[in-house]
4 protein chains.
Amino acid sequence: MPLPHVDVELRVRYGETDQMGIVYHAEYLAWCDMGRTEYIRRLGTSYASLEQAGTLLAVAEANLRYHAPARYDDMIRVETTLTDVRSRALTFDYLICHAASGSRLVTARTLMVVLDGNRRPVPLPREVRALLERIPEGALA
Amino acid sequence: MPLPHVDVELRVRYGETDQMGIVYHAEYLAWCDMGRTEYIRRLGTSYASLEQAGTLLAVAEANLRYHAPARYDDMIRVETTLTDVRSRALTFDYLICHAASGSRLVTARTLMVVLDGNRRPVPLPREVRALLERIPEGALA
Amino acid sequence: MPLPHVDVELRVRYGETDQMGIVYHAEYLAWCDMGRTEYIRRLGTSYASLEQAGTLLAVAEANLRYHAPARYDDMIRVETTLTDVRSRALTFDYLICHAASGSRLVTARTLMVVLDGNRRPVPLPREVRALLERIPEGALA
Amino acid sequence: MPLPHVDVELRVRYGETDQMGIVYHAEYLAWCDMGRTEYIRRLGTSYASLEQAGTLLAVAEANLRYHAPARYDDMIRVETTLTDVRSRALTFDYLICHAASGSRLVTARTLMVVLDGNRRPVPLPREVRALLERIPEGALA
């Protein structure tokens, strides 16, 4: 069974384009970040509240493959999946596509490490790990 | 006598352009910020150390006039002047121009308010005010 | 009678914050841009199609007042009003506020000049001016 | 013999930080882009002139590993190496480090594909390939 994913939609902003007439390649990392934010919210918490409680997720690796360009004013969907949970690291996968056609634009993966409020690597707090290992509420709806 | 200004140069990055083929208008605010950073460094301190000591400068107003566009790979000069020092606010003026020709691209002004480490408005610490009211070292050289 | 405004909502992205823990001041210009895009769409066209037809709107002046900071994950509303239409220039006003409370964060104004496909100043095409002078469809709904 | 690399230095901008107090992870891709720009300039041409002549390099893959964070006002060095030249694709490697200490912050690789002025994949023009296969002028100096 494929893992459930959580979706977020966005409209491409003018300032996200570059003089090639397409979205600048670095912008997709910010869209993946939006995807993670919504994934964690769907689990019943929020990344903002995790940070306030002293659990930070920092990007340790990022890998992106650019299949087709997004353009100004396009509606985009980011499909985010949590594909691996370790004691000190999480892996998220992303499919970025046109919202209407579903055509694939970018696929990406990020490895996140867990830091405490002093930016030191720590294991995931037990209650966060419990949360992450649930299937997101409504993700299969 | 015109006030001394402090200059910083930068080269336009590809991602700073938009699909109009010119620099996106919001990017100039980040260049003004670079100008302030260098202005404060020339006074003999650094904005990074001011923040660490609990004195923050937050932008309260920003005004920009766009005269001509900057383009990818252009060398740009930001000329920054501290034009007003009040007990709780500073005004900086900026002239952004082509480094080689000096032709004017953008003129801007920002009003900065002083915050403490808890983000509350405070008067400028006495020693910072003393520093700001000096003529920047070497600014007339 | 107050002019009708067109609203767009967005959620603050992590990368839009800075080390002060609030949204970086330059980001609000991009949010105003989103407001303009939705304003023009509500008129029954789109800025993307205006550009393709050779009518560009370039920012000639921007003025921002920062009243209170936006923070990561906040839901934000941008209320955009077209306050002046001249033959060669448009003025847009923006109120950026918290979506839920309506509390005011930033007020801004931009002056836009009209350019043709060769980036030369031109009068607004007659059909665009007609469009802009209508009350946006549904704006009073 | 290690391949020669071309270096460019930059100072971290305030707006490049996020509320974690470090540089936002997407910004490093823009720094790699600065590295490519300087690499191509050292070869005796410029990416700006390649684009004007109808040869575009688009990012097809990007891989980043984050070893340690950069902070506001740090001086950073980007060391760029062209590690592979194919008829239709180029691979660049990047080492991003503190300029003074040389301590490693981020390592990255991008795969670039060659497009013509109509954004269609094409082989590298013969004269560009000749240029790229030279050792950069002065890179070993």
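Position labels on residues start from 1 in each chain and follow its written sequence. Numbering of ligands from 1 and lettering of chains from A proceed in the order in which they are written. In keeping with the model being predicted, local features are shown solely for residues with a pLDDT of at least 70 and side-chain atom pairs are shown and tallied solely at 80 or more, while totals for entire chains, interfaces and linings include all residues. Side-chain calculation: all heavy atoms of the structure are included, whereas hydrogens and water are not.

1. Topic: the overall build of chain A
Along chain A, the regular secondary structure elements total three helices and five strands. Secondary structure elements of chain A, listed N to C terminal, follow the sequence β-α-α-β-β-β-β-α. Our radius of gyration is a C-alpha quantity, and the globule rule it is checked against amounts to 2.2 Å times the number of residues to the power 0.38. On C-alpha atoms alone, chain A measures out to a radius of gyration of 16 Å, which is about the 14 Å that the 2.2 N^0.38 rule sets for 141 residues. In chain A, once contacts between residues fewer than 6 apart in sequence are set aside, the share between residues at least 24 apart is 65%. What sets the accessible areas is the Shrake-Rupley method with a 1.4 Å probe; for residues, cover comes only from the shown protein chains. As displayed, chain A has an accessible area near 6,000 Å², and 51% of this comes from carbon and sulfur atoms. In this charge count, Lys and Arg are treated as positive and Asp and Glu as negative; neither His nor the chain ends contribute. We put the charge of a Lys on NZ, of an Arg on CZ, of an Asp on CG and of a Glu on CD. Side-chain charges of chain A comprise 17 positive and 18 negative groups, with the mean position of each set lying 4 Å from the other. Elements are defined by DSSP. Helices are runs of H or I of four residues or more, strands are runs of E of two residues or more, and each kind is numbered from the N terminus. By the convention used here, residues are in contact when the closest approach between their heavy atoms is within 4.5 Å.

2. Structural notes on the confidence of the model for chain A
Overall, the prediction assigns chain A a mean pLDDT of 93, with 93% of residues at 70 or greater. Model confidence for the complex is summarised by a pTM of 0.95, with the ipTM given as 0.94. A score between 0 and 100, pLDDT records how confident the predictor is in each residue.

3. Topic: the pattern of salt bridges
Any carboxyl oxygen of Asp or Glu within 4 Å of a side-chain nitrogen of Lys or Arg constitutes a salt bridge here. Enumeration over the complete set of coordinates arrives at 52 salt bridges over all chains. Among the ionic pairs, C:R41 bridges to C:E38, the shortest N-O distance being 2.9 Å. With a gap of three residues between them, C:R41 and C:E38 both fall in helix α1 (residues 27-42), about one helical turn apart. Exposure is judged per residue with a 1.4 Å probe applied to protein chains only, and the accessible area is read against the type maximum: over 50% gives exposed, under 20% gives buried, and values in between give partly exposed. Residue classification places C:R41 among the partly exposed residues on the basis of a relative accessible area of 24%. Its relative accessible area of 16% is what places C:E38 among the buried residues. Residues joined by salt bridges that share partners form a network here, namely A:R11, A:D73, C:E38 and C:R41.

4. Overview of the interface of chain D and chain A
Every contact between the two is made by 24 residues of chain D and, on the other side, 24 residues of chain A. Note on chain D versus chain A: buried area summed over both sides is about 2,000 Å², and carbon and sulfur give 53% of it. Linking chain D to chain A there are two salt bridges. In this structure, the salt-bridge partner of D:E61 is A:R65, at a minimum N-O distance of 3.7 Å. In protein, a polar contact means a hydrogen-donor-capable atom and an acceptor-capable atom, both N or O and within 3.5 Å, with residues adjacent in sequence counting only if both atoms are side-chain atoms; elsewhere, any N or O pair within 3.5 Å suffices. Where chain D packs against chain A, one counts 10 residue pairs in polar contact (both at pLDDT 80 or more). At the level of secondary structure, the elements contributing two or more residues to the side of chain D that touches chain A comprise α1 (27-42), α2 (47-52) and β2 (56-66) of chain D. Put simply, buried area is how much 1.4 Å-probe accessible surface two parts lose in total, over both of them, once they are put together.

5. A closer look at the sheet that holds strand β3 (residues 75-85) of chain A
Read from one edge of the open sheet, 10 strands run β1(A)-β3(A)-β4(A)-β5(A)-β2(A)-β2(D)-β5(D)-β4(D)-β3(D)-β1(D), paired in antiparallel fashion. Taken across any chain shown, the strands that pair with only one partner, and hence form the sheet edges, are β1 (6-11) of chain A together with β1 (6-11) of chain D. For this sheet the average axis-to-axis angle between neighbouring strands, irrespective of direction, equals 25°. Strand pairing is defined by DSSP finding a minimum of two bridges between the two strands. Here nine bridges tie strand β3 (residues 75-85) of chain D to strand β4 (residues 89-98) of chain D, and the two strands are oriented antiparallel to one another. Opposite D:V85, over in β4(D), you have D:L90 as the bridge partner. To obtain each axis, a line is fitted to C-alpha atoms, and for helices this fit is confined to the stretch in contact; angles are then taken between N-to-C directions over 0 to 180 degrees.

6. Regarding the interface of chain D and chain B
By a widely used convention, the size of an interface equals the accessible area lost when the partners come together. Contact with chain D, which involves 17 residues of that partner, is made by 17 residues of chain B. Where chain D abuts chain B, roughly 1,500 Å² becomes buried across the two surfaces, and 43% of that area is made up of carbon and sulfur atoms. When the buried area of chain D at its contact with chain B is split by residue, D:R13, D:Y14 and D:Y72 rank highest and sum to 41% of it. Taken together, the connections running from chain D to chain B amount to six salt bridges. Ionic pairing is found between D:R41 and B:D73, a salt bridge with its closest N-O pair at 2.9 Å. Mapped onto the side of chain D that touches chain B, the elements with two or more residues apiece are β1, α1 and α2 of chain D. Top contributing element to the side of chain D that touches chain B by residue count: α1(D), with six residues. Per-class residue counts for the side of chain D that touches chain B are seven nonpolar, two polar and eight charged. The classification used treats Ala, Val, Leu, Ile, Met, Phe, Trp, Tyr, Cys and Pro as nonpolar, Asp, Glu, Lys and Arg as charged, and all other residues, Gly among them, as polar.

7. Details of the relation of the copies chain D and chain B
C-alpha atoms of residues with pLDDT of at least 70 in both copies form the basis for the least-squares superposition of the copies. Once chain D is rotated about the relating axis by 180° and shifted along it by 0.0 Å, it coincides with chain B to within an RMSD of 0.0 Å. Given the turn and translation reported, the copies of this chain are related as if by a two-fold rotation axis. Among all C-alpha atoms of chain D, that of D:L10 lies closest to the rotation axis, at 4.4 Å.

8. Focus: the side chain of D:S46
Here D:S46 is to be found in the loop between α1 and α2. D:S46 sits in the buried class, given a relative accessible area of 15%. Dropping the residues within four chain positions of it, D:S46 is found in contact with B:D73, D:I40 and D:R41.

9. What about the environment of A:R42?
With respect to the element layout, A:R42 can be found in helix α1 (residues 27-42). Along the backbone, A:R42 and A:R11 are 31 residues apart, and their C-alpha atoms lie at a distance of 21 Å.

10. Examining the relation of the copies chain D and chain A
Taken as rigid bodies, chain D and chain A are interconverted by a rotation of 180° and an axial shift of 0.0 Å, the fit giving an RMSD of 0.0 Å. Mapped onto chain A, 100% of the interface residues of chain D again fall at the interface, so both copies present the same surface.

11. Observations concerning the packing of aromatic side chains
Put simply, two rings from Phe, Tyr or Trp (the six-membered ring, in Trp's case) pair if the centres are within 6.5 Å, and we call them stacked under 30 degrees between planes, edge-to-face over 60, tilted for the rest. Tallying each qualifying case throughout the model produces 30 aromatic pairs over all chains. Ring centres 6.2 Å apart and planes at 75° place the aromatic pair A:Y72 and C:Y47 in the edge-to-face group. Of this pair, A:Y72 sits in the loop between β2 (56-66) and β3 while C:Y47 sits in helix α2 (residues 47-52), each in a different chain. Classification of A:Y72 by relative accessible area gives buried; the value is 7%. Assessed through its relative accessible area of 7%, C:Y47 is described here as buried. Three or more aromatic residues joined by ring pairs make a cluster, and in this case those are A:Y14, A:Y72, B:Y24 and C:Y47.

12. Overview of the sheet that holds strand β5 (residues 104-115) of chain B
Strands sit in the order β1(B)-β3(B)-β4(B)-β5(B)-β2(B)-β2(C)-β5(C)-β4(C)-β3(C)-β1(C) across an open sheet of 10 strands; the sheet is antiparallel. A strand with exactly one partner marks an edge of an open sheet, and here the two such strands are β1 (6-11) of chain B together with β1 (6-11) of chain C. On average, adjacent strands in this sheet sit at an angle of 25° to one another, irrespective of strand direction. Packed onto the sheet, helix α1 (residues 27-42) of chain B meets β1, β2 (56-66), β3 (75-85), β4 (89-98) and β5 of chain B together with β2 (56-66) of chain C and runs at close to 135° relative to β1(B).

13. Focus: the side chain of A:E38
At a separation of 3.4 Å, a polar atom in the side chain of A:E38 contacts the side chain of C:R11. Those residues in contact with A:E38 that lie beyond four places of it in its chain are A:V6, A:V8 and C:R11.

14. Focus: the pairing of β1(A)
All names here are of chain A. What you see with β1 is a clean split: V6, V8 and L10 sit on the buried side and D7, E9 and R11 on the side with no burial. Two strands pair when backbone bridges link them, and β1 and β3 are joined in this way by six bridges, in the antiparallel orientation. Bridge assignment links R11 to a residue of β3, and that residue is M75.

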